[in-house]
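Inside the fold
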Amino acid sequence: MKKVLIITYYWPPAGGPGVQRWVKFVKYLRDFGVEPIIYTPQNPTYPMLDPHMVAEVPEDLTVLKTKIFEPYALASLFSKEKTQKISAGIIPTKKPSLLDKFLLWIRGNLFLPDARVLWVRPSVKYLSKYLSENQIDTIITTAPPHSLHLIGLHLKEQFPALRWIADFRDPWTTIGYHSQLRLTQRSARKHLALERAVLQAADTLIVTSPSTQKEFQTKTSRPIVLITNGYDDDLPAETPSLSPYFLLSHIGSLLSERNPEPLWQVLSEMTQEQADFRRDLRLCLAGKVSDEVLNSLQKWQLTEFLDLKGYISHAEALALQRQSQLLLLLEINHPKTEGIIPGKLFEYMASQRPILALGYQNWDVKDIITQTHTGLTFSLTDTQGIKQALTHYYTFYKAQQLQTQPVSLEAYHRKTLTQRLSEVILEK
């Protein structure tokens, strides 16, 4: 077995797609001749927890931990609720308060590239010793938070022969919320400089979308490998019954700028125009939801159809997917989201429930959904197309024929993707 050290901030009991990607890779890496070793914080501040994920970790896996200091603890003295929202990525965009602006300014300018930067120096010191003593010649850093790539950068400087693979689950300076952090010009330049240093120093880069691959190809000549997120053979403990209602579900955070106002408008119109639709409609939002989204739902008179579940475990999410008549995939309508492929997309596809994806017109998601025959994709501004799609799906629901027949899903199975990762790791 070739040993590889994986440096990750998110690890069980953390919840969310960031932890699932590497827990699943670790689950299968040994099948392809790679022995993973995890390095993660001992006392992290996770915005969401999923204790069920602990059971996914192999019992004999080596997990190294050191303490981390995060400024969120200090920031919470001003407002614990606002600090938790910023940590989870929920950034207010409409009439932010002075406190909102202050906390965002601190987050964006005092801690570069992010609030986990204070873990970089002690991690480099600890891992330098560990790498030397255990003869490990390959490391992987996965981000965000992008501070973890700085750990890789410094270790590469100390050990030039060390093979460093940098995994970008999201872009860095072009991600949508980056422009909302109230960065000074100096801070913005610093982010670009750090990103450039990582892209030039890593031996191999891994990205999760074709658009990010194209973006990075304009910034570096380093090898860039596309390995998306995927689905596994996870199934609910009990097979859930399909909802008798026309249940539309969205699983995951709905940030302020991800508020799909045109969708709410169309749903509101359809409830006014069709008595049957009004009687059948149910809308479930599972995950953190911003106040702007809740206000919009109230504005369009949809709250009577709404089920707000809050954060749910991965197992509960899998069950909800299979209970739903239609699954919603929602993204910000902006070119910067072209390469954002939510991890839940692949589990949506495997659930064999139809997907209605709304976002940017050139979204990478469109090609995947089209190729796998798993749903329909529209620009978020295309209210006519959205209404036609909902009418189409509702007609099949009334006929009890609403389902999908996916094709070519195997390419997105976690084991298939891990095999590709192992090939990258084992390259000479």
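Residues numbered from 1 in each chain as written. Predicted model: local features only at pLDDT ≥ 70, side-chain atom pairs only at ≥ 80, totals over all residues. Heavy atoms only, no water.

With that settled, the discussion passes to the sheet that holds strand S5 (residues 163-168). Ordered in space as S3-S2-S1-S4-S5-S6-S7, the seven strands form an open sheet in which the pairing is parallel. Every interior strand has two partners, whereas the edge strands, strand S3 (62-66) and strand S7 (224-226), have only one. Taking each pair of neighbouring strands and ignoring which way they run, the sheet shows an average axis angle of 25 degrees. Note that strand S4 (residues 138-143) and S5 share six bridges and pair parallel. Within S5, the position partnered with Thr138 by the bridge is Arg163. The sheet contacts of helix H1 (residues 17-29) involve strand S1 (2-7), strand S2 (34-41), S4, S5 and strand S6 (204-207), and relative to S2 the element is tilted by about 150 degrees. Against the sheet, helix H5 (residues 120-134) makes contact with S1, S2, S3 and S4, and its axis sits at roughly 145 degrees relative to S3, the strand it touches most. (Pairing = 2+ DSSP bridges. Helix = DSSP H or I, 4+ residues; strand = E, 2+ residues; numbered from the N terminus. Axes fitted to C-alpha atoms, helices over the stretch in contact; angles between N-to-C directions. Contact = heavy atoms within 4.5 Å.)

All right, on to the confidence of the model for the chain then. Confidence along the chain averages 91 in pLDDT terms, with 92% of residues attaining 70 or more. Throughout residues 76-80 the model reports pLDDT below 50, and contacts reaching past four residues in sequence, or to other chains, amount to five contacts. Every residue in residues 82-90 is under pLDDT 50, and counting partners more than four places away or in other chains gives 25 contacts. (pLDDT = per-residue confidence, 0-100.)

Bridge count between strand S12 (residues 355-359) and strand S13 (residues 375-379): five bridges; the pairing is parallel. Counted as the bridge partner of Ala357 is Thr377 from S13. Once you follow S12 into helix H14 (residues 364-372) and on to S13, the crossover reads as right-handed. (Right-handed = clockwise from strand over helix to strand, strands pointing away.)

All right, on to the packing of aromatic side chains then. Under the criterion given, the structure shown has 13 aromatic pairs. Judged by centre distance (5.7 Å) and plane angle (20 degrees), the rings of Tyr39 and Tyr126 are stacked. Residue Tyr39 is found in strand S2, and its partner Tyr126 is found in helix H5; the two are separated by 87 residues along the sequence. Judged by relative accessible area, Tyr39 falls into the buried class, the value being 0%. Classification of Tyr126 as partly exposed rests on a relative accessible area of 31%. (Phe/Tyr/Trp six-rings, centres within 6.5 Å; stacked < 30°, edge-to-face > 60°. Buried < 20%, exposed > 50% of the residue type's maximum accessible area, 1.4 Å probe, protein only.)

This part is about unusual backbone geometry. Residue Pro13 follows Pro12 across a cis peptide bond; omega there is 20 degrees. Looking at where Pro13 falls in the secondary structure, it is placed in the loop between S1 and H1. Put simply, Pro144 and Pro145 share a cis peptide bond, and its omega is 0 degrees. Relative to the elements of secondary structure, Pro145 occurs in the loop between S4 and helix H6 (147-158). In this model, Gln301 sits at a positive phi of 55 degrees, which is unusual for a non-glycine residue. Checked against the element boundaries, Gln301 lands in the loop between helix H11 (291-299) and strand S10 (306-310). In this structure, His373 is a non-glycine residue whose phi angle is positive, near 55 degrees. Tracing the sequence through the fold places His373 in the loop between H14 and S13.

Let's shift gears to the pattern of salt bridges. On inspection of all chains with the given rule, the structure shows 24 salt bridges. Put simply, Lys415 and Asp31 hold a salt bridge, and the shortest N to O gap is 3.7 Å. Here Lys415, found in helix H16 (residues 414-426), pairs with Asp31, found in the loop between H1 and S2; they are 384 residues apart in sequence, far enough to count as distant. Taking relative accessible area as the criterion, Lys415 reaches 36% and is therefore assigned partly exposed. (Salt bridge = Lys/Arg side-chain N within 4 Å of Asp/Glu carboxyl O.)

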